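# Close look at the chain arrangement
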Amino acid sequence: MGNIKKAIITAADIGADFLPATKAMPKEMLPIVDTPVIQFVVEEAIASGIEEILIISGKNKSTIGNHFDRNIHLETMLSDKNESDKLVVLAKSDVPNIHYIRQAYPKGLGDAILHAESFVGDEPFVILLGDDIMPNETPLTKILMDLYAEHQTPIVATMKTGIEKLAHSGIVEVKEARGENLFEINHVFEKVESAVMANDLGIIGRYIMTPDVFSKLHALSSEGNLELQLTDAIEALNSEQEVLAYEYLGKRYDAGDKYGLLLANIELGLKHKETAKPLTEYLKELSEQLKRE
Ligand code: G1P
């Protein structure tokens, strides 16, 4: 199979963890300082050389499409005030086509991915979860695409997340090392409390898949599962062909989680040109105050 050109970005989750903020607004549009979460994800795909993006959204998510469209009215108003730079969304000239499809009913990540089957065709592709942010000098998607070029086999991005967090994520039980930070997989599990070991790796929101994953998802669907887990399809795939796990050592913000979104706002706020100085001063004062308490 050839080089990877297509990416699927999932943004279909109803965002119940952020209610009431997400009652009428997609959780992927929550801001980190002044930029919606999903923009970081789209920018990572673009920076990795992706040429076609499919965003899988759902009910009440139309603002995601509006965000990546041009807004001529706003552009004219800002240009009259000499403030056009405020509206630079995806500034690069080689922005890929962004397509949209909606998941009619939230039936899990695996079902969302099934909506991409005709978009993907017979090519390998990347999956990026739209609420997971990986600020890394070399984009994680690019690292995975390069590994795919070398190994020609599906790859799951993982991190050491600590045993208490593993119960809330997909888990990889590794077999043996296949290269630097690269492992063969024994089994993958979705959110299990029992038998999780501290040295197991948590699945984070980036995957390279081949179209073979769709037949596994269809098989799970025909078993009548109410929620289709991508992890279960990867387990089935791994029993027939090699799936590798890459251990990412960079920074990750799980912006699908309240604490993760807060951390991202603080840490990226410390780097933003308008907020860096006052936020640094405030955090120093706050830390002194907390030490006194
Ligand atoms: C999903 C996946 C899980 C993965 C996680 C990463 O879970 O099902 O395997 O570890 O994303 O963020 P969710 O966070 O949607 O519950």
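Here, every reference points to the structure presented above.
Residues numbered from 1 in each chain as written. Predicted model: local features only at pLDDT ≥ 70, side-chain atom pairs only at ≥ 80, totals over all residues. Heavy atoms only, no water.

This paragraph deals with the environment of Asn181. Relative to the assigned elements, Asn181 resides in the loop between β9 (170-179) and β10 (182-190). Measuring from C-alpha to C-alpha, the distance between Asn181 and Thr158 comes to 9.8 Å, with 23 residues separating the pair along the chain. Here Asn181 is in contact with Ala245, Tyr246, Glu247 and Leu249, once residues within four sequence places are set aside. (Helix = DSSP H or I, 4+ residues; strand = E, 2+ residues; numbered from the N terminus. Contact = heavy atoms within 4.5 Å.)

Attention now goes to the environment of Glu235. Looking at where Glu235 falls in the secondary structure, it is placed in helix α9 (residues 230-238). Residues Glu235 and His187, spaced 48 residues apart in sequence, show a C-alpha to C-alpha distance of 6.2 Å. Among residues more than four places away in sequence, those in contact with Glu235 are His187 and Val188. At a separation of 2.6 Å, a polar atom in the side chain of Glu235 contacts the side chain of His187. (Polar contact = N/O pair within 3.5 Å; in protein donor to acceptor, adjacent residues only side chain to side chain.)

Within this structure, the stated rule accounts for 16 salt bridges. Residues Glu44 and Arg206 are paired through a salt bridge, measuring 2.9 Å at the closest nitrogen-oxygen approach. Here the residue Glu44 occupies a position in helix α1 (residues 37-47), and Arg206 occupies one in strand β11 (residues 201-209), the gap between them amounting to 162 residues. For Arg206, a relative accessible area of 0% translates into the label buried. In this structure, Glu242 and Arg178 form a salt bridge, with 2.5 Å as the shortest nitrogen-oxygen distance. With Glu242 in the loop between α9 and β12 (244-247) and Arg178 in strand β9, this pair connects stretches of sequence that are 64 residues apart. If you follow the salt bridges from partner to partner, you end up with Asp13, Lys27 and Asp131 in one network. (Salt bridge = Lys/Arg side-chain N within 4 Å of Asp/Glu carboxyl O. Buried < 20%, exposed > 50% of the residue type's maximum accessible area, 1.4 Å probe, protein only.)

A separate point is the site of the ligand. Around the ligand, a shell composed of Leu109, Leu129, Asp132, Ser169, Gly170, Glu190, Lys191, Ile203, Thr231 and Arg252 is seen. Between the ligand and the protein, one listed contact pairs an oxygen atom with a backbone N or O atom of Ile203 at 2.6 Å. One nitrogen or oxygen atom from the side chain of Arg252 is found 3.2 Å from an oxygen atom belonging to the ligand. Split by residue class, the shell around the ligand holds three nonpolar, three polar and four charged. (Near = heavy atom within 4 Å. Nonpolar A, V, L, I, M, F, W, Y, C, P; charged D, E, K, R; others polar.)

It is worth spelling out the pairing of β9 at this point. As judged from the seven bridges shared by β9 and β10, these two strands associate in the antiparallel manner. Along β10, the bridge assignment pairs Glu173 with His187. Connecting β9 to the next strand, β10, in antiparallel fashion are two residues, including Asn181 with a positive phi near 55°. Here β9 runs beside β11; their pairing, made up of two bridges, is antiparallel. Across the sheet, Val172 pairs through a bridge with Leu201, a residue of β11. (Pairing = 2+ DSSP bridges.)

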